[in-house]
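Secondary and tertiary structure notes
If you want the building blocks of each chain, they are given just below.
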Amino acid sequence: EDRGPWGSGWYIRYTLVMLLGTMALVIGAYHALLRWGRQERYEHVTAVGYSCVVFGWMTVLSVKQPTHSLRLLGFVALPINLAPFGSLIFCSIIVPQASFVGHLAGIVMGYLVAWDVFVWVDWYWFAVLAFWTAVVFLFSLKATTNIALPFLQVHWNFNQLTGGSGGGGGGGS
């Protein structure tokens with residue numbers, strides 16, 4: 001049920017938007033770091049998880065419902081509008097393997113959602129995004145793993161496209 005701007009329908013629609021948006025921003029950022037920043041360490045980096053969306057929601061809340069401050073570890077009072085960035089720095093220190101770029105992308109998407117950039121995502125567009133996300137996910141799963149999905153036919157070999165010899169299921173089955 002969608003109860004205005006803070007209902008469960010609003011939450012699920014914007015969670016999908018933030019999930020897809022953070023993935024796009026991370027891929028774009030990694031591409032830029034590789035191409036123009038000459039940061040080869042990002043060539044084989046994978047970022048997975050839901051925490052980018054959590055950072056996005058933290059940002060939405062800091063913009064939409066600001067309060068005075070947030071206490072970190074009980075002794076540092078941080079203005080709520082800086083909480084996402086404080087959490088980003090804190091997370092990067094405590095968990096060095098965490099994706100700084102991914103969490104920063106979540107913050108960016110949170111600001112975009114909070115500033116109503118994606119207000120046009122109604123149930124129709126949510127369904128379109130969800131459908132195509134599922135289609136791409138299933139074909140990717142079929143093409144790159146050995147998981148049996150008999151209802152899908154992939155007629156190209158992912159390894160030939162990438163020039164690699166690793167991977168999984170290949171195509172044609």
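First, a word on scope: everything that follows refers to the structure included in this document. In this text the structure is predicted, and so the values were computed from the model without any measurement. (Residues numbered from 1 in each chain as written. Predicted model: local features only at pLDDT ≥ 70, side-chain atom pairs only at ≥ 80, totals over all residues. Heavy atoms only, no water.)

Turning to the packing of helix α3 (residues 83-94) against helix α4 (residues 100-114), a few remarks are in order. One way to put it is that α3 packs onto α4 with a least axis distance of 10 Å and a crossing angle of 170 degrees. Classed by the angle they form, the pair α3 and α4 counts as roughly antiparallel. Along the contact surface, α3 presents Pro 84, Phe 85, Leu 88, Cys 91 and Ser 92, while α4 presents Phe 100, His 103, Leu 104, Ile 107 and Tyr 111. Class assignment of the residues belonging to the contact of α3 with α4 gives a composition of 8 nonpolar, 2 polar and no charged. (Axes fitted to C-alpha atoms, helices over the stretch in contact; angles between N-to-C directions. Helix = DSSP H or I, 4+ residues; strand = E, 2+ residues; numbered from the N terminus. Parallel < 35°, antiparallel > 145°, perpendicular 65-115°, else oblique. Contact = heavy atoms within 4.5 Å. Nonpolar A, V, L, I, M, F, W, Y, C, P; charged D, E, K, R; others polar.)

Here we take up the packing of aromatic side chains. Working definition: an aromatic ring pair is given by the centre-to-centre distance plus the angle between the planes. Evaluated as defined, the whole model comprises 10 aromatic pairs. Ring geometry for Tyr 11 and Trp 57: centres 5.2 Å apart, planes at 25 degrees, overall stacked. Of the two residues, Tyr 11 is situated in helix α1 (residues 8-35) and Trp 57 in helix α2 (residues 51-64); the sequence distance between them amounts to 46 residues. A residue is classified by how much of its surface remains accessible, and Tyr 11, at 40% relative accessible area, is partly exposed. Its guanidinium or amino end placed over the ring of Trp 123, Arg 13 lies 4.9 Å from that ring's centre, counting from NZ or CZ. (Phe/Tyr/Trp six-rings, centres within 6.5 Å; stacked < 30°, edge-to-face > 60°. Buried < 20%, exposed > 50% of the residue type's maximum accessible area, 1.4 Å probe, protein only. Lys NZ or Arg CZ within 6 Å of the ring centre and 35° of its normal.)

The subject of this paragraph is a nonpolar patch on the surface. A cluster of nonpolar side chains, contributed by Leu 25, Leu 82, Phe 85, Phe 100, Leu 104 and Val 108, occupies part of the molecular surface with about 450 Å² of accessible area. Per element, the largest residue contribution to the nonpolar patch is 3 residues, and it comes from α4. Mapped onto the secondary structure, Leu 82 falls in the loop between β2 (76-79) and α3. Relative accessible area serves as the criterion here: at 42%, Leu 82 is assigned to the partly exposed category. (Patch = residues over 30% accessible without salt bridge, like charges linked within 9 Å, V, L, I, M, F, W, Y side chains within 5 Å. Areas by Shrake-Rupley, 256 points an atom, 1.4 Å probe, with all protein chains shown as cover. Salt bridge = Lys/Arg side-chain N within 4 Å of Asp/Glu carboxyl O.)

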